[in-house]
Amino acid sequence: MSYYELATLDTVIFGAGKAAPGIEAWVAQGQGRLCGAWGTDIGTLNRVFVLRAFESLAQLHEERERALRSDNPFGCADELVRLSMESYRALDFLPPVQPGSFGPVYEFRTYRTRVNGILPTMEKWRAAVPEREAYSKLTVAMYGLDGEPRLTQIWPYESLAARSEARAKSVADGKWPPKGGPDWLSPDMTSQIALPLGFSPLK
């Protein structure tokens, strides 16, 4: 499964916990495989990320339409104030997202690339990711199939301190960022820290 949907659900204040049971039921009733579900702790608050994998774009689009035509998308319309659903494909060299306990701190990073930057960025990452994973595991890196050209990555860490240590050491050792990789990126970059919800296969 190399196709992914990253749904971003912005909820009312303290809405993530209230929305979780509805989201869990919604995903269980639909297609695809749930990879992870998180609530933000740093960055935009009251936000939930839901990552699902699909065998095909057709399957992904059927699920997208199910949400768009529903009077209760993701089973939590009463808690939702905004819903965004983005389509992605994993970088060519990466394996499917696997469940497990790798966090409990997950960082979501999105880089906007130059308009012709996806393939060059992918090749830079192909060379650098194996050595970067010696410092911390990569859950997935994927490029957007809709909207602006962009690259979104999810990195798990044992703690915020472990995140800071891994990032600083990989840079100091010259293993990250990929050599020449930033040349294909725009300054429009975001980072958010999120924690797994109770039903998330990634912990």
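The chain appears in an unreviewed UniProt entry as NIPSNAP family protein from Paracoccus pantotrophus. As its UniProt record puts it under Sequence similarities (unreviewed entry), the chain is described as follows: "Belongs to the NipSnap family."

K.L.:
Go over helix α2 (residues 57-68) with me, naming the residues and quoting the values.
P.N.:
An ideal rise of 1.5 Å per residue puts 16 Å on twelve residues; α2 measures up with 16 Å between its terminal C-alpha atoms. Listing the buried residues of α2 in full gives Gln-59, Leu-60, Glu-63, Arg-64 and Ala-67. Around the axis of α2, the buried residues are gathered within 140 degrees of arc, so they sit on the same side. Where α2 is buried, its residues touch β1 (3-11), α1 (15-29), β3 (47-54) and β4 (80-90).

K.L.:
So what's going on with the sheet that holds strand β8 (residues 185-196)? Residues and values would help.
P.N.:
Pairing is antiparallel in the closed barrel, where eight strands are placed in the order β1-β3-β2-β8-β5-β7-β6-β4. Going from strand to strand, the sheet's axes swing by 35 degrees on average, the running direction of each strand aside. Examined bridge by bridge, strand β2 (residues 33-42) and β3 share six bridges and lie antiparallel to one another. When the bridges of β3 are listed, Gly-39 appears paired with Val-48. The sheet strands contacting α1 are β1, β2 and β3, and the helix crosses β3 at an angle near 15 degrees. Packed onto the sheet, helix α3 (residues 118-132) meets β5 (105-113), β6 (140-144), β7 (150-157) and β8 and runs at close to 15 degrees relative to β7.

Conventions and cut-offs
Residues numbered from 1 in each chain as written. Predicted model: local features only at pLDDT ≥ 70, side-chain atom pairs only at ≥ 80, totals over all residues. Heavy atoms only, no water. UniProt positions renumbered as here; feature names shortened; annotations may be inferred. Helix = DSSP H or I, 4+ residues; strand = E, 2+ residues; numbered from the N terminus. Expected span 1.5 Å × (residues − 1). Buried < 20%, exposed > 50% of the residue type's maximum accessible area, 1.4 Å probe, protein only. Arc of directions from axis to C-beta. Contact = heavy atoms within 4.5 Å. Pairing = 2+ DSSP bridges. Axes fitted to C-alpha atoms, helices over the stretch in contact; angles between N-to-C directions.

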